[in-house]
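# Structural overview
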Amino acid sequence: MKLVLSLLLFTFFSINISSQTDNENWVPVTALNNQHIYIDVYGLESFKGDDIYIWAMQSFNKPLEMEGIKRDIYKTRTYYLINKRLKEYSILEIVFYDEDGNVITSYSYHHDTKIQRYRYNYPIFPGSDMDAILKKSLEYISPLNKGNPYVN
């Protein structure tokens, strides 16, 4: 009985651990002088409407300093809500990391509203980092962008 229980517990924890590592697929979006931007494309193909929920990661060659955060920032992960038709977005969550990948702090900006003008806080400007994130996302949502009116 102890052997069976031990095997069941081992199997349960093994499946749980491996499933967590398989749920991310980071692909590069752009690289500038001090930063590299990636998006997690896992599950992106399932978005069919105008809204896209996506994690983006920025890693920095030189650390960032921000008021209110007492340690150097080497990486951020940001959860965005993007409306591809309106070309607007909101930040839902942001996590700051130190040089060793430890979480420094995080902020959540989730707002539960159905009123469209309050759902998105920022416009997406052509040529911006968010424009690059949107375009890369659309490559995975609409392969080859055939007939996709949101990509220029």
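Heads up: the structure comes first, above all this text.
Everything in this summary refers to the structure shown in the same document. Remember, it's a predicted structure, so these values are computed and weren't measured experimentally.

For Arg119, the location among the structural elements is in helix H2 (residues 116–119). Its relative accessible area of 19% is what places Arg119 among the buried residues. Within the local environment of Arg119, its side chain forms a polar contact with the side chain of Tyr53, the two groups lying 3.1 Å apart. Residues contacting Arg119, with those up to four places away along its chain left out, are Asp51, Tyr53, Leu81, Ser90, His111, Thr113 and Lys114.

For the coordinates displayed, the defined rule picks out six salt bridges. Of the charged contacts in the structure, one is a salt bridge between Asp51 and Arg119, with a shortest N-O distance of 3.0 Å. Here Asp51, found in strand E3 (residues 51–66), pairs with Arg119, found in helix H2; they are 68 residues apart in sequence, far enough to count as distant. For the residue pair Asp51 and Arg119, the accessibility class agrees, reading buried in each case. With a shortest N-O distance of 3.5 Å, Lys136 and Glu139 are connected by a salt bridge. Residue Lys136 and its partner Glu139 are located together in helix H3 (residues 129–141), separated by three residues, close to a single helical turn.

A few words now on H3. Between its terminal C-alpha atoms H3 stretches 18 Å, which fits the 18 Å expected from 13 residues at 1.5 Å a residue. For H3, the full list of buried residues reads Met130, Asp131, Ile133, Leu134, Lys136, Ser137, Leu138 and Ile141. Each element contacted by the buried residues of H3 is listed here: strand E1 (26–31), strand E2 (35–40), E3, strand E4 (69–83) and strand E5 (88–97).

So, about unusual backbone geometry. Notably, Lys87 is not glycine yet its phi reads approximately 55 degrees, a positive angle. Following the sequence through the fold, Lys87 ends up in the loop between E4 and E5. Residue Lys87 is classed as partly exposed on the basis of its relative accessible area, which comes to 22%.

Now for the packing of aromatic side chains. The geometry of two aromatic rings is summed up by the distance between their centres and the angle between their planes. All chains considered together, the criterion is met by seven aromatic pairs. Between the aromatic rings of Tyr80 and Tyr89, the centroid separation amounts to 5.7 Å while the plane-to-plane angle is 75 degrees, which identifies the pairing as edge-to-face. For Tyr80, a relative accessible area of 9% puts it in the buried group. Residues Tyr107 and Tyr109 carry aromatic rings whose centres are separated by 6.5 Å and whose planes lie at 25 degrees to one another, so their mutual orientation is stacked. Classification of Tyr109 by relative accessible area gives partly exposed; the value is 42%. Sitting over the face of the ring of Tyr97, Lys75 holds its NZ or CZ atom 4.8 Å from the ring centroid.

This paragraph deals with the pairing of strand E6 (residues 103–108). Two elements, E5 and E6, share five bridges in a ladder whose sense is antiparallel. Each bridged residue has a counterpart across the sheet, and for Ile94 the counterpart in E6 is Tyr107. Here E5 folds back onto E6, and the loop between the two strands holds five residues, one of which, Gly101, carries a positive phi near 85 degrees.

Calculation rules
Residues numbered from 1 in each chain as written. Predicted model: local features only at pLDDT ≥ 70, side-chain atom pairs only at ≥ 80, totals over all residues. Heavy atoms only, no water. Helix = DSSP H or I, 4+ residues; strand = E, 2+ residues; numbered from the N terminus. Buried < 20%, exposed > 50% of the residue type's maximum accessible area, 1.4 Å probe, protein only. Polar contact = N/O pair within 3.5 Å; in protein donor to acceptor, adjacent residues only side chain to side chain. Contact = heavy atoms within 4.5 Å. Salt bridge = Lys/Arg side-chain N within 4 Å of Asp/Glu carboxyl O. Expected span 1.5 Å × (residues − 1). Phe/Tyr/Trp six-rings, centres within 6.5 Å; stacked < 30°, edge-to-face > 60°. Lys NZ or Arg CZ within 6 Å of the ring centre and 35° of its normal. Pairing = 2+ DSSP bridges.

On their own, these measurements won't tell you what the molecule is for.
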